[in-house]
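Secondary and tertiary structure notes
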Amino acid sequence: MRIETYIDSLVSYAMNRGLAEPVDHQVLTNRLLDILRKDDYEPSAEPQSEDLEEILGGILDYAVERGLCEDNITARDIFDTRIMGSVTPMPREVVRTFEEKYALSPVEATDWYYRFSCDTDYIRRYRIAKDMRWKYSSDYGEMDITINLSKPEKDPKAIAAAKNAPQTAYPKCQLCRENEGYAGRMNHPARANHRIIPIRVSGEDWCLQYSPYVYYNEHCIVFNSKHVPMKIDRSAFEKLLDFVKAFPHYFVGSNADLPIVGGSILSHEHFQGGHYRFAMENAGMEREVTFKGYEDIHAGIVKWPMSVIRLDGKDPVRLAQLADKILICWRGYSDEAVGVVSFSDGEPHNTITPIARRRGELYELDLVLRCNITTPEHPLGVFHPHADKHHIKKENIGLIEVMGLAVLPSRLKQELTDLAAAIVSGADITADPVLGKHAPWVEALKKQYTFTAENALDIILMETGKVFTEVLEDAGVYKNTPEGKMAFLKFVDAVNEQ
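Quick caveat: nothing in here was measured; it's all calculated off a predicted structure.

1. Remarks on the overall build of the protein chain
Tallying secondary structure elements over the protein chain gives 16 helices and 15 strands in all. In terms of C-alpha radius of gyration, the protein chain reaches 25 Å, essentially the compact-globule figure of 23 Å for 498 residues. By its C-alpha atoms, the protein chain is 80 × 60 × 40 Å across when sized along the principal axes. Within the protein chain, the fraction of its 498 residues that count as buried is 56%. As displayed, the protein chain offers around 22100 Å² of accessible surface, 51% of which is attributable to carbon and sulfur atoms. The positive charge centre, built from 58 side chains, and the negative charge centre, built from 75, are 3 Å apart in the protein chain.

What follows is the structure, encoded as structure tokens:
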């Protein structure tokens, strides 16, 4: 297919998706010709493509052939984002449309904005389609298990280029407002096709965008317009509840504000939300509790592998007040009999992962108790995936995992497939440099199941879900044992004694 056909296809795509109008046709064509350094042009008579991945792939191949773009995944991503940026409307148009639709309903506004973010290729739908997803029925509900493949792994050439790229402090981080329209570089993602929605949260200027990697439906990021660090306090609870007041069809939560139990970006205050119902939301209360002075708030301990206090009430101000009281008590609370230590060598260890949502007219807060204490036995964290599960999940347990969605490393797609084949063939994987780490797990599974070529992979996937559930149990500060449940109630009593 000629390059003119790909150019014409992309301009038609932009108009068909509402990114442009017929009057924009010539300007968009000339922008693309400029990026491709092409001086001559005749409209193509060839049939146009409607497949965006095919269109961009054709343009990228042309750019690589002519030395306009290096042939590695990062350089290609930067270049095709520049291409899409040339057909993406300006922020003023995007914000105006969002506000017009929000005036009709928040759902209509977010439906449009999510579709727009996909159509501009900020969310690469063709990559997300490659993600592996399945369910695991645990004692706590149906866990979502995913192997995320939409976030590209850098090849050696891209890694070397990123290492040699000049260091700069602009944008300060990948969440900052300055990313909107940013061209990108080898060590910072391109965002030329990125558009942000300004919103107000608790009287402050915040921003709404979607995650380009979409771990679940309409996975959004809500972030402070200023580059200020994460902090869990009463104002955080107020902001979460204010957001679900404005977007009642979305949940929103915050990663904790301490290392090990927090998210990957602690330097910029942000929340994550979306239009999705997680297993934790479906989990019921295992035991109701009462907090003195807050009898108007329905409270209880959730039946969940991690330690969760759920609060329900009609008044978000009262919910934030009680959540703050629980947080203050937890910050200074220790119970060494169950491994909870609030401070050591002046370092704080206790915090909360909060999640807010609406249930009809009620506001709901889930407060997940976290502790990042380490010991010689568990140097990565006592309440962190333990070493026997690192072959599946070694990374921190952040907000998304807390709610019951496993984001497993991309390496597992091939490893789990190869494991199933090795089990069926009877191969010894003990000395295998890649699969060897799974050997103790596989030996235990062989004692439980009769593997066949037909069932091996299904069993491996199911048992991977079981390992993830056990990972969440590792991360729970109060275990689901008689002793753990008693210790949890002891903490509730401590809150009431304040």
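2. Points about the pairing of strand 14 (residues 362–371)
Buried residues dominate strand 14, accounting for 9 of its 10 residues. As paired elements, strand 10 (residues 308–313) and strand 14 share 6 bridges and run antiparallel to each other. Among the inter-strand pairings, Ile309 is bridged to a residue of strand 14, identified as Leu367. Pairing between strand 13 (residues 350–359) and strand 14: 10 bridges, direction antiparallel. Residue Ile352 lies in a different strand from strand 14, and its bridge partner there is Leu369.

3. A word on the pairing of strand 4 (residues 204–210)
Most of strand 4 sits inside the fold, with 5 of its 7 residues counted as buried. When strand 3 (residues 197–201) meets strand 4, the two strands line up antiparallel, connected through 5 bridges. Residue Ile197 lies in a different strand from strand 4, and its bridge partner there is Leu208. Hairpin remark: strand 3 followed by strand 4, antiparallel, with 2 residues in the connecting loop; positive phi at Ser202, about 50°. When strand 4 meets strand 5 (residues 220–224), the two strands line up antiparallel, connected through 5 bridges. Each bridged residue has a counterpart across the sheet, and for Cys207 the counterpart in strand 5 is Phe223.

4. Thoughts on the sheet that holds strand 10
The strands that make up a sheet pair up through hydrogen bonds in the backbone, lying either parallel or antiparallel. Strand order in the open sheet formed by 10 strands is 3-4-5-7-6-13-14-10-9-8, and the pairing between neighbours is antiparallel. One side of each edge strand has no neighbouring strand; the edge strands of this open sheet are strand 3 and strand 8 (285–289). With strand direction ignored, the average angle separating the axes of adjacent strands in the sheet is 25°.

5. Comments concerning the packing of aromatic side chains
Using the criterion set out here, one finds 22 aromatic pairs in the structure. Look at Tyr333 and Phe491: their rings are 5.0 Å apart centre to centre, the planes differ by 70°, and that puts the pair in the edge-to-face class. Residue Tyr333 is located in the loop between helix 11 (316–331) and strand 11 (343–344), and its partner Phe491 is located in helix 16 (residues 482–496); the two are separated by 158 residues in the primary sequence. In this pair, the class of Tyr333 matches that of Phe491, namely buried. One aromatic cluster is present, formed by Phe98, Tyr102, Tyr113, Tyr114, Tyr210, Phe243, Phe247 and Tyr250 through successive ring pairs. Here the basic side chain of Arg358 rests over the ring of Tyr363, its NZ or CZ set 4.1 Å away from the ring centre.

6. Comments concerning the pattern of salt bridges
According to the stated counting rule, one finds 37 salt bridges in the structure shown. Here Lys393 and Glu401 are joined by a salt bridge, their closest N and O atoms 2.9 Å apart. Among the ionic contacts, a cluster of salt bridges with common partners joins Arg277, Glu281, Arg310, Arg357, Arg359, Glu364 and Asp366.

7. Examining the packing of helix 13 (residues 411–425) against helix 14 (residues 439–446)
For the pair helix 13 and helix 14, the least separation of the axes is 12 Å and the interaxial angle reads 50°. Relative to helix 14, the element helix 13 lies oblique. Pair helix 13 / helix 14 crosses with right-handed handedness. Contacts between helix 13 and helix 14 involve Leu416, Leu419 and Ile423 from the former and Trp441, Val442 and Lys446 from the latter. For the contact of helix 13 with helix 14, the per-class residue count stands at 5 nonpolar, no polar and 1 charged.

Rules and cut-offs
- Residues numbered from 1 in each chain as written.
- Predicted model: local features only at pLDDT ≥ 70, side-chain atom pairs only at ≥ 80, totals over all residues.
- Heavy atoms only, no water.
- Helix = DSSP H or I, 4+ residues; strand = E, 2+ residues; numbered from the N terminus.
- Rg over C-alpha atoms; globule rule 2.2 N^0.38 Å.
- Buried < 20%, exposed > 50% of the residue type's maximum accessible area, 1.4 Å probe, protein only.
- Areas by Shrake-Rupley, 256 points an atom, 1.4 Å probe, with all protein chains shown as cover.
- Lys, Arg positive; Asp, Glu negative; His and termini not counted.
- Charge placed at Lys NZ, Arg CZ, Asp CG, Glu CD.
- Pairing = 2+ DSSP bridges.
- Axes fitted to C-alpha atoms, helices over the stretch in contact; angles between N-to-C directions.
- Phe/Tyr/Trp six-rings, centres within 6.5 Å; stacked < 30°, edge-to-face > 60°.
- Lys NZ or Arg CZ within 6 Å of the ring centre and 35° of its normal.
- Salt bridge = Lys/Arg side-chain N within 4 Å of Asp/Glu carboxyl O.
- Parallel < 35°, antiparallel > 145°, perpendicular 65-115°, else oblique.
- Left-handed = near helix turned anticlockwise from the far one by under 90°.
- Contact = heavy atoms within 4.5 Å.
- Nonpolar A, V, L, I, M, F, W, Y, C, P; charged D, E, K, R; others polar.

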